[in-house]
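Examination of the molecular architecture
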Amino acid sequence: MKTLGIETSCDETAIAVYDSVEGIIGESVFSQIKMHAEYGGVVPELASRDHCKKIIQVFKDATKSVDLKSIDQIAYTAGPGLLGALLIGESFAKGLALSLNIPLIPVNHLEGHLVSPSMEFKDIKPPYICLLVSGGHSMIVDVKAMGEYEILGQSVDDAIGEAFDKVGKLLDLPYPGGPHIEKIAQNGNPFAYDFPRPMMHSNNLDLSFSGLKTAVLYKVKEINLIDKQTKADIAASFQQAAIDVLNKKIIKTISQTGRENIIIAGGVAANKKLRSSIKELELKMGVNVYYPDLKYCGDNGAMISFLGALRSRAEVNPLRSHVRARWPLTELSK
Ligand code: KG4
Ligand code: ZN
C-alpha cells in the first residue's frame, strides 16, 4: 500500500510517499527558514503564501519516480499548527484525493514526530517513551500503543526549541537559533556560567525553560562587551543546563515507568550533545535509545505518510475541513 503524506503545519512544505513494503520511495522538503530569518521568527501570513507557491513543485519532486495511479491514500497534517498554513496542505490533499478517487486521512503532527523513529527502526514497538522536543513542544510521552498516549510531563512555559531560539536572538545568532547555538557551543566551556536548571529536582516530570532563558538574558545584559569566546561560553553553558534537565527527567521517567525503549523526536532531537547525553543512558540504565535520522528530526512529509499508513481507518469526507490549530495528543482516539 502506498500513502502520500503532506506536511504544511509551519515553515516546511514537505511531501513524501511511503510504501508499506519498500519504505519511503519519494520525498521532498522545502524549508522557508531563509524567508522568516529576516523577521527573527515565523510570520504566519508569509508561511501560508509560500506553501501555496511551493507545494506543486514539492509534489512533483516527491513523486517523480512514483506512478500517481499506484497511490492508495492521501494523509496530511491537519493540526496542530498555523491555521492558514494547514489549510494549504489540506486543500492540496483534498484536490488530490478527489481527483485520484482515493481516501483522505487527516493526521496529527505531534503523533507524526512520535512515530517517526519506528519508520526507520522496525523493531521499535510500543510501549516506549518519547521525548518530543521541538520549537513548539517539550513533552515526555508514554506511547502505550499506537493511538494510546499519556503525557507524563511537559513544559509549563516555553518549549525547549523556543528557548534555544530566544537565546540565539540574545546572542545575535541567525534564526532559528538552535543549530547555531549548538555550533558555537562546540568552542565554549559548558561550565563557564552556572545557569539555573529549572524544575530539575521537582517531583513530577514537568519541564520549564523560561527561567533559564531569562537567566541568559540577565547575563548578557551584565556583560558589556560580548566577545566571540564569551558568546561560545554562554551558548555552551545554556545548552548544558537545558540538556541536564532533560537527562534528569528521562532518568526519572525510566525509574518510574520501567520502560526499556526511549526515543527522542522533534527538531531539537537533531542536537548531538542531547543525543549523546540520552544515549549514555543505554549503559547506565540498560535501556535502548533511538532517534530519527537527522533529516527526519525537523518537520517532514515522510513521518506524515508513515503515520497515514498506520491510520488507514481514519478516512474522512474530503468535502469538509478538518484542520485544527490546537489538537492535543490526548484527544486522539484509536
Ligand atoms: O520540529 P521542528 O522542525 O518544528 C516544530 O517546532 O514543530 O523544530 C524546530 C526547532 C527550532 O526551535 C530549532 O531551533 C530547533 O528545533 N533545533 C535545534 C537544533 N536543530 C533544530 N535546537 C537545538 N539544537 C539543534 N541542533
Ligand atoms: Zn514539528
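The structure contained in this document is the topic of the report that follows. (Residues numbered from 1 in each chain as written. Chains lettered and ligands numbered in written order. Predicted model: local features only at pLDDT ≥ 70, side-chain atom pairs only at ≥ 80, totals over all residues. Heavy atoms only, no water.)

Once that is clear, we can look at the coordination of the zinc ion (ligand 2). For the zinc ion (ligand 2), every protein donor is listed as His-109 (NE2), His-113 (NE2) and Asp-299 (OD), and the spread of their distances is 2.1 to 2.2 Å. Note that the zinc ion (ligand 2) binds four donor atoms; their angles at the metal cover 91 to 148°, and the shape is irregular. All donor residues of the zinc ion (ligand 2) come from one chain, and their arrangement in sequence is H-x3-H-x185-D. Taken as a pair, His-109 in helix α4 (residues 109-120) and Asp-299 in the loop between β10 (288-290) and α11 (301-310) lie far apart in primary sequence, 190 residues in all. Classification of His-109 by relative accessible area gives buried; the value is 7%. Residue classification places Asp-299 among the buried positions, given a relative accessible area of 17%. (Donors = N, O, S within 2.8 Å, 3.2 Å for Na, K, Ca; no water. Tetrahedral: all angles 85-135°; square planar, octahedral: opposite > 155°, others 65-115°. Helix = DSSP H or I, 4+ residues; strand = E, 2+ residues; numbered from the N terminus. Buried < 20%, exposed > 50% of the residue type's maximum accessible area, 1.4 Å probe, protein only.)

For His-109 and Tyr-218, which are 109 residues apart along the polypeptide, the C-alpha to C-alpha distance reads 35 Å. Not counting residues up to four positions away in its chain, the partners in contact with His-109 are Glu-7, Ser-9, Thr-77, Gly-79, Pro-80, Asp-299 and Met-303. Side-chain polar atoms of His-109 contact the side chain of Asp-299, separated by 3.1 Å. (Contact = heavy atoms within 4.5 Å. Polar contact = N/O pair within 3.5 Å; in protein donor to acceptor, adjacent residues only side chain to side chain.)

Lining the immediate environment of ligand 1, one finds 19 residues, of which Gly-135, Asp-165, Glu-182, Gly-267 and Asn-271 sit closest. Take Gly-178: an N or O atom from its main chain is 3.2 Å from an oxygen atom of ligand 1. Within the contact set of ligand 1, an oxygen atom lies 3.0 Å away from a backbone nitrogen or oxygen of Gly-267. Considering ligand 1 on its own, with 560 Å² of exposed area, one finds that the protein chains cover 85% of that surface. Elements represented by at least two residues in the shell around ligand 1 include exactly α4, α5 (160-170) and α6 (177-185). Taken together, the residues of the shell around ligand 1 sort by class into five nonpolar, 11 polar and three charged. Two domains each provide a minimum of three residues to the shell around ligand 1, namely domain 1 (2-114 + 299-331) and domain 2 (124-291). (Near = heavy atom within 4 Å. Areas by Shrake-Rupley, 256 points an atom, 1.4 Å probe, with all protein chains shown as cover. Nonpolar A, V, L, I, M, F, W, Y, C, P; charged D, E, K, R; others polar. Domains from an automatic or database assignment.)

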